[in-house]
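Report on the structure
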Protein chains: 4
Amino acid sequence: MNNKDIRQIRSALDQFAIELPSWGFADTGTRFGKFFQDAAASTVEEKFHDAGLVHQLTGACPTVAVHVLWDFEPGEDPKKVARLAKKHGVKVGSINPNVFQDQAYKLGSFCSPDKAARDAAIKHSYDSIDIGKAVGSKLMTMWLADGTNYPGQDSIYRRKRDLQGALKKIHDRMAKQWRGSTLLIEYKPFEPAFYHTDIADWGMAAAFARHAGTKAKVLVDTGHHLPGANIEHIVAFLLDEGMLGGFHFNDRKYADDDLTLGSIDPYAMFRIFDQIAQYAFERDLKKLPDVAYMVDQSHNLKPKLEAMVQTVMEAQSLFAKAQIVDRKALAKAQAAGDIVAAERCLKQAYEADVTPALAKWRKANGLPVDPLEELRSSGIVKKLGKERAAARRARGEVQASSYA
Amino acid sequence: MNNKDIRQIRSALDQFAIELPSWGFADTGTRFGKFFQDAAASTVEEKFHDAGLVHQLTGACPTVAVHVLWDFEPGEDPKKVARLAKKHGVKVGSINPNVFQDQAYKLGSFCSPDKAARDAAIKHSYDSIDIGKAVGSKLMTMWLADGTNYPGQDSIYRRKRDLQGALKKIHDRMAKQWRGSTLLIEYKPFEPAFYHTDIADWGMAAAFARHAGTKAKVLVDTGHHLPGANIEHIVAFLLDEGMLGGFHFNDRKYADDDLTLGSIDPYAMFRIFDQIAQYAFERDLKKLPDVAYMVDQSHNLKPKLEAMVQTVMEAQSLFAKAQIVDRKALAKAQAAGDIVAAERCLKQAYEADVTPALAKWRKANGLPVDPLEELRSSGIVKKLGKERAAARRARGEVQASSYA
Amino acid sequence: MNNKDIRQIRSALDQFAIELPSWGFADTGTRFGKFFQDAAASTVEEKFHDAGLVHQLTGACPTVAVHVLWDFEPGEDPKKVARLAKKHGVKVGSINPNVFQDQAYKLGSFCSPDKAARDAAIKHSYDSIDIGKAVGSKLMTMWLADGTNYPGQDSIYRRKRDLQGALKKIHDRMAKQWRGSTLLIEYKPFEPAFYHTDIADWGMAAAFARHAGTKAKVLVDTGHHLPGANIEHIVAFLLDEGMLGGFHFNDRKYADDDLTLGSIDPYAMFRIFDQIAQYAFERDLKKLPDVAYMVDQSHNLKPKLEAMVQTVMEAQSLFAKAQIVDRKALAKAQAAGDIVAAERCLKQAYEADVTPALAKWRKANGLPVDPLEELRSSGIVKKLGKERAAARRARGEVQASSYA
Amino acid sequence: MNNKDIRQIRSALDQFAIELPSWGFADTGTRFGKFFQDAAASTVEEKFHDAGLVHQLTGACPTVAVHVLWDFEPGEDPKKVARLAKKHGVKVGSINPNVFQDQAYKLGSFCSPDKAARDAAIKHSYDSIDIGKAVGSKLMTMWLADGTNYPGQDSIYRRKRDLQGALKKIHDRMAKQWRGSTLLIEYKPFEPAFYHTDIADWGMAAAFARHAGTKAKVLVDTGHHLPGANIEHIVAFLLDEGMLGGFHFNDRKYADDDLTLGSIDPYAMFRIFDQIAQYAFERDLKKLPDVAYMVDQSHNLKPKLEAMVQTVMEAQSLFAKAQIVDRKALAKAQAAGDIVAAERCLKQAYEADVTPALAKWRKANGLPVDPLEELRSSGIVKKLGKERAAARRARGEVQASSYA
């Protein structure tokens, strides 16, 4: 790798911040049950502690996404949570309302046939706006579980119009009361709704965002697509339309498997980063476009902290590779219809060994050269496991299976 | 079935015209070869003859979609083709430019890196507009094979912008020179492009249509979706957005299999018709929305004429069932969150025996009660087979396999 | 419908018993949470009560599948459970060991790298055999959640050989100690394992069954296939190989959605029944082949009892239709390569109105003609809801969300 | 990379022969048409020339798969073809009968309802055996296009039994008359049959192979699976069952896209090679298992020769990476349930830069270090294009589109 490539990578890494999800440090599971980890975080403070540790090791994760229902106590001053984050060296990032867990949302939230449920969802969103503003966040990400399980269950038209109205209200309140904020609208083809999902694909998310207003953008969760979908094409299309707001990163082989980034198809993830870099190149931008990179994965079996550090390192590595595609040679090969040469430009960058460049960047930033190895050899996960298990016992908590 | 239901069905059938594709009567195949039928149509006149026969038997197919490259001779007066159609009791329907077959389009048409190819595609589209206007059609349907086979092969951004520009030009020319015409933009996730397809999903088609102008709409081919896609949801969404232009009907189990309508999943087809009827109900429309229904299937093994009559009958049957959903009971059940009752409204209509109602409509229109049986017992397919085989021999034509 | 068809249907319905799952009456959910129903069964007795009620209404469900972990108390005499079933007019059917829920099975059961986990799974299976024998069941169904989430996580070879050995042991113990019993081996492509599942498809299940011995057969869960899989083909193949043991019925649109049977693609379910009837026809059997029909669905939103009655009715209806395919006409059309006529044989049976025949069979068996309507108008679900909610309160139970 | 790894790679490359398909040098297309290349091979000699050139550049392709229908003239001495191969420095490899192209096979070959078609297919297979024996090949690969397009079209049972009988006959004749030969049975989920395919998955192929006899094995085409299928799991399962015969290599994103190997998901291809190496490790074999590696791809747009060299290089690179997985460390991590460490063993090998090791092996074998660059800079493709275009003109041949 030449010096220009190394400089390119180091400069790009300086711009590459990856937000961690607070819920990514807590026990999760499948519908068949949860497997518990002693070191899993149980409290908001433990979540920030863990996120802070990942940031300390990787230098790439200054913010933490929070879940309104799980990380904030009703009535409590949200600034308390912000201070807790600060204590652990991170900031509160995107605000995630939860309009799917309460029994009231059985038939949907903004789309429910029950007006009380719809109103509750809007109310909760307004509360989330207040929290976001109070903690100094700039993003609200909206994922809905809304949908139906059976043909005929509900009117797709009525649901669409109610959802359109609600998102417009939320958007307008954000525009008015929360300066500089952006509403990110997420889509998903299925699960937990198994017949129709009200925001099923990027086209629907973009339509809802357009109806809501200029501060609404689309959030791409890399696991939320039907088999075969070309995600980097969607990303490029949204960028070109000015509608790409950000990402939820994870990997998958089948459905929304929520595996760690790059664990199944690393080349596909590289191609997403490649489109982002290509966009900057074609538009002759000085910087990469402003996109929120967030992790959202649910590694049931990998130790939480290790999985998160591994994810960040994998993201940095693939992101770095995308920066050293020889874009001029690529453009030339593309113009000439020289498919083999054009493909080779991508492959050569993908196959390049970027570890030396990453090591230089890490050293320059006072970080361990192999953050995962550092974490594993530190014994900290084991230590946390003992402490947290003891604390749970002291609180009389039982880690109970979700299924029985 | 009560009289109200029968009246409802008969009135709906009066509004239900299904356009047949001229190419649906000719030999087709897969990439592994073509299997030939003696009775397959070889000439434009034979295609119109066959379409006319289907219309005569079913009373539902007054127009025929034409393929500019296959059905018009360069330099010839298009009105000649229109007169040929008239002679066989049908009219020329939608105009289908062909920008995928010529060697010039190896790397794409409107999206090709080669300006000459892009210009040729626009030129061919302008010629198609002239033809459409001359023959009195009102629709131009645009399906592109544009896409790439390998990551990096071409710039997705450059291709998007060139395509956007071309469709805008074509739209504007149509708006100016071809009164009352509509441009239908089709999407397809893959094939023949196997890495990325420039118009890959309805969201992209709708974006291109919006950029083109108000006379551009989206064309939904029922076989052009990734596994699991909820097509009726897409249809409802497009209707609500005012962007649904029409359909290409066929059925599939795996990819773009181009099987005859309703042969694999008839309930799914019923649910599409149901959303259209539901739209009219919720908007309190006097008539069903104005949507172009077109057949586009490629039944390699079924005899062409039989397959087409079978398709029309199946479409009418499923369409009829969608008219007798008890929409008031459905609305009530939906509002109450009574999923079982709501689903039952759909299922009862789907399972209803609509053959008596169809028979009444056919009799009232002077049509055979069982058009397929009528065709099969007439011996006409056999007779045409003999005549056409003889004619081909006389012309010195060989039906050659496409593969070797 | 002629009298021969009606007789055919009635005789077939006499042979068509559908086993209900005890867990199908309890609250279930997705990984995002559970939505509770007041009338959901909480105790074994309540489950048998509900199953008994469905059997009383439909006359088709004499047995109930039980889940060893959820329906039997350790140390308790299993005959007590059998008596409970009898009290409610049903019998204990297939025995379902549970080797996925315990924390010990985090990395698998028979396939775990941990010998203690493997041994525990075998021990639990042996206990299940004792239970099966004691309660007079004849079937043990083995579904494993075993698999891995990440490439490299474990040795696929070691896991396969350990699983092979365990199933052989269990088979041999059944053959020796539990007369007339059959071991049904289930497969599933993914979930909860998201990289590889140790029994991923029918081919693997059949291989394990062959290795285990002659009393092992394959269990087909209709929701456990990759997108596009032709399930009726698999069913026919297994029947012809003498390896089809039984079914778990449910419907799906995307993954293992566990929707009620026939709710998404009723024609596909009909085609499964058609292959079974066709097998009997081609082999000239006096009776339909001996296959265990079991329901396994997890309708989170539909009221449990209604959903179960609806399922049984739908199964009977589609099963009945498959009996009246004109198999002689079909054979003739197939031999002649007359695709349209052959397909029409299937479609005519599928589209036939079998409600009169079902009504006759129900009347003759002293059953309500519309069991679902009977249940809904009886008010029993509401009554049970009140009673069970009160009982739960009295026991101090809370229906807690599984996610938070 | 340490010296042990380099030795490991070099020794493995010595064992790694990749068979090229003669048809891979000829023009191919999709059902929408063919795009022609001047340098495409038209004659058998041109195909061997091109294969010989690839072998000369890569040193890895000593044999060429032949297609009986396309590469042998009826009545001609097959040894003539063998001599032609020898002239160009290669040998005839696997024999591919063609029982899908002739009009007689419209409804299938061994499975056709028409006995004449079934007999013709067997006869052609016998002829292929004679050819195979005459040219000194040891493999016959059997891919069928047999299947049906519509439910009910034919009896799945009758077809299965006829196919079973035919494959047994062919197997037995091979066993008797063609010493040391193996029959490879290929499977494919769909295309060109779109409802059911008679050999639809590996389980069916293995069942047919078992019924045929001990010399029949399964052929895995990497593009012949439903979305999501875990191919390396299937490969491992077949290896463990002693049923893996060989591979047809290609890559895909959607269906059977026939793209060049590793172009879409290189990590997946690596994992296949990893399972093969892992098998040798766990069984403590001295050599890698005996498996036939064959290319079968249909790169419509890439220049044929370039695509083939690129494919061989990509295969060698991914194969080499699979040899340097630290299998002892992997086994230790797996036994300990240390998922992150186990996964890292795979990822470190996959991400390793093997180009120096490949370069050493190439130099030691007198090969160019970058065979693709060598080919591209040689100008040979251009030269061949001119010569072959001229030769086609001289022969009066037209490269005609397959669609019109």
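Each value, and the rule that gives it
Residues numbered from 1 in each chain as written. Chains lettered and ligands numbered in written order. Predicted model: local features only at pLDDT ≥ 70, side-chain atom pairs only at ≥ 80, totals over all residues. Heavy atoms only, no water. Helix = DSSP H or I, 4+ residues; strand = E, 2+ residues; numbered from the N terminus. Rg over C-alpha atoms; globule rule 2.2 N^0.38 Å. Buried < 20%, exposed > 50% of the residue type's maximum accessible area, 1.4 Å probe, protein only. Contact = heavy atoms within 4.5 Å. Areas by Shrake-Rupley, 256 points an atom, 1.4 Å probe, with all protein chains shown as cover. Phe/Tyr/Trp six-rings, centres within 6.5 Å; stacked < 30°, edge-to-face > 60°. Buried area = accessible area lost by both parts, 1.4 Å probe. Salt bridge = Lys/Arg side-chain N within 4 Å of Asp/Glu carboxyl O. Polar contact = N/O pair within 3.5 Å; in protein donor to acceptor, adjacent residues only side chain to side chain. Nonpolar A, V, L, I, M, F, W, Y, C, P; charged D, E, K, R; others polar. Least-squares fit on C-alpha atoms with pLDDT ≥ 70 in both. Pairing = 2+ DSSP bridges. Right-handed = clockwise from strand over helix to strand, strands pointing away.

Within an unreviewed UniProt entry, the label attached to chain A reads L-rhamnose isomerase, and the organism entered is Natronomicrosphaera hydrolytica.

This part covers the overall build of chain A. Looking only at helices and strands, chain A has 15 helices and 12 strands in total. Against the compact-globule benchmark of 22 Å for 404 residues, chain A has a radius of gyration of 21 Å, which places it among compact chains. Each principal axis of the C-alpha atoms in chain A carries an extent, and together these give about 60 × 50 × 40 Å. Looking at the 404 residues of chain A, the share that counts as buried comes to 67%. Partitioning the contacts of chain A with sequence separation of at least 6, the portion at a separation of at least 24 is 78%. Of the accessible surface of chain A, which amounts to about 13900 Å², a share of 51% is contributed by carbon and sulfur atoms.

Under the counting rule described, the total for this entry stands at 83 aromatic pairs over all chains. The interplanar angle of 5° and the centroid separation of 4.5 Å between the aromatic rings of Phe190 of chain A and Tyr254 of chain C together place this pair among those described as stacked. With Phe190 of chain A in the loop between β8 (182–186) and β9 (196–197) and Tyr254 of chain C in the loop between β11 (244–249) and α9 (266–282), this pair bridges two chains. Assigned by exposure class, Phe190 of chain A and Tyr254 of chain C land together as buried. Taken together through their ring pairs, the aromatic side chains of Phe16, Phe247, Phe249, Phe273, Tyr293 and Phe319 of chain A make up a single cluster.

With that settled, the discussion passes to the interface of chain C and chain D. On the chain D side, the residues contacting the 56 residues of chain C number 56 residues. When the two sides are added together, the surface that chain C and chain D hide from each other amounts to roughly 4500 Å², 60% of it contributed by carbon and sulfur. Looking only at chain C, the three residues that lose the most surface to chain D are Tyr157, His233 and Phe237 of chain C, adding up to 16% of its buried area. The interface formed by chain C and chain D contains 8 salt bridges. Across the pair Asp240 of chain C and Arg161 of chain D runs a salt bridge whose closest N-O atoms are separated by 3.3 Å. Between chain C and chain D we count 23 residue pairs in polar contact (both at pLDDT 80 or more) in total. Mapped by element, the contributors of at least two residues to the side of chain C that touches chain D are α6 (156–177), β9 (196–197), α7 (202–212), α8 (231–240), α9, α11 (327–335) and α12 (339–351) of chain C. Considered class by class, the residues forming the side of chain C that touches chain D number 27 nonpolar, 15 polar and 14 charged.

Turning our attention to the interface of chain A and chain B. Listed per partner, the contact involves 56 residues of chain A and 56 residues of chain B. With both sides pooled, the region where chain A packs onto chain B buries about 4500 Å², and carbon together with sulfur makes up 60% of that total. Among the residues of chain A in contact with chain B, Tyr157, His233 and Phe237 of chain A are the three that bury the most area, contributing 16% of the side total. Scanning the region where chain A abuts chain B turns up 23 residue pairs in polar contact (both at pLDDT 80 or more).

Residue Pro192 of chain A is reached from Glu191 of chain A by a cis peptide bond, and omega for that bond is 10°. Its location among the elements puts Pro192 of chain A in the loop between β8 and β9. Non-glycine residue Glu191 of chain C carries a positive phi angle of around 75°. As for its position among the elements, Glu191 of chain C is in the loop between β8 (182–186) and β9.

For the rest of this paragraph, the subject is the side chain of Glu232 of chain A. By secondary structure assignment, the location of Glu232 of chain A is in helix α8 (residues 231–240). Overall, the relative accessible area of 2% leaves Glu232 of chain A in the buried class. A distance of 2.5 Å separates the side chain of Glu232 of chain A from the side chain of Arg271 of chain A, its partner in a polar contact. Reaching out from Glu232 of chain A, the side chain makes a polar contact with the side chain of Tyr195 of chain B at a distance of 2.5 Å.

This brings us to the environment of Val291 of chain C. Residue and element names in this part refer to chain C. For Val291, the position within the fold is in the loop between α9 and β12 (292–295). The sequence separation of Val291 and Ser377 amounts to 86 residues, and the corresponding C-alpha distance is 34 Å. Contacts of Val291, omitting those with residues within four sequence positions, involve Leu239, Leu244, Gly245, Gly246 and Phe247.

In this section: the relation of the copies chain C and chain D. When chain C is fitted to chain D, the best match, at an RMSD of 0.0 Å, comes from turning it 180° and sliding it 0.0 Å along the axis. The relationship between the two copies is best expressed as a two-fold rotation axis. In terms of C-alpha distance to the rotation axis, chain C has Gly203 of chain C as its closest residue, with the C-alpha 2.1 Å off the axis.

All names here are of chain B. By the criterion of burial, strand β5 (residues 91–96) is predominantly enclosed, with 5 of the 6 residues buried. As paired strands, strand β4 (residues 63–67) and β5 are joined by 4 bridges and run parallel to one another. Looking at the pairing, His67 lines up with Asn96 of β5.

With that settled, the discussion passes to the pairing of strand β10 (residues 216–221) of chain C. Residues and elements named next belong to chain C. A large share of β10 lies buried, amounting to 5 of its 6 residues. Sheet topology note: the β8/β10 ladder contains 4 bridges and is parallel. Residue pairing for β10: Leu183 is matched across the bridge by Ala216. The pairing of β10 with β11 spans 4 bridges and is parallel. Note on β11: the bridge partner recorded for Val220 is Phe247. Between the parallel elements β10 and β11, the chain passes through α8 in a crossover that is right-handed.

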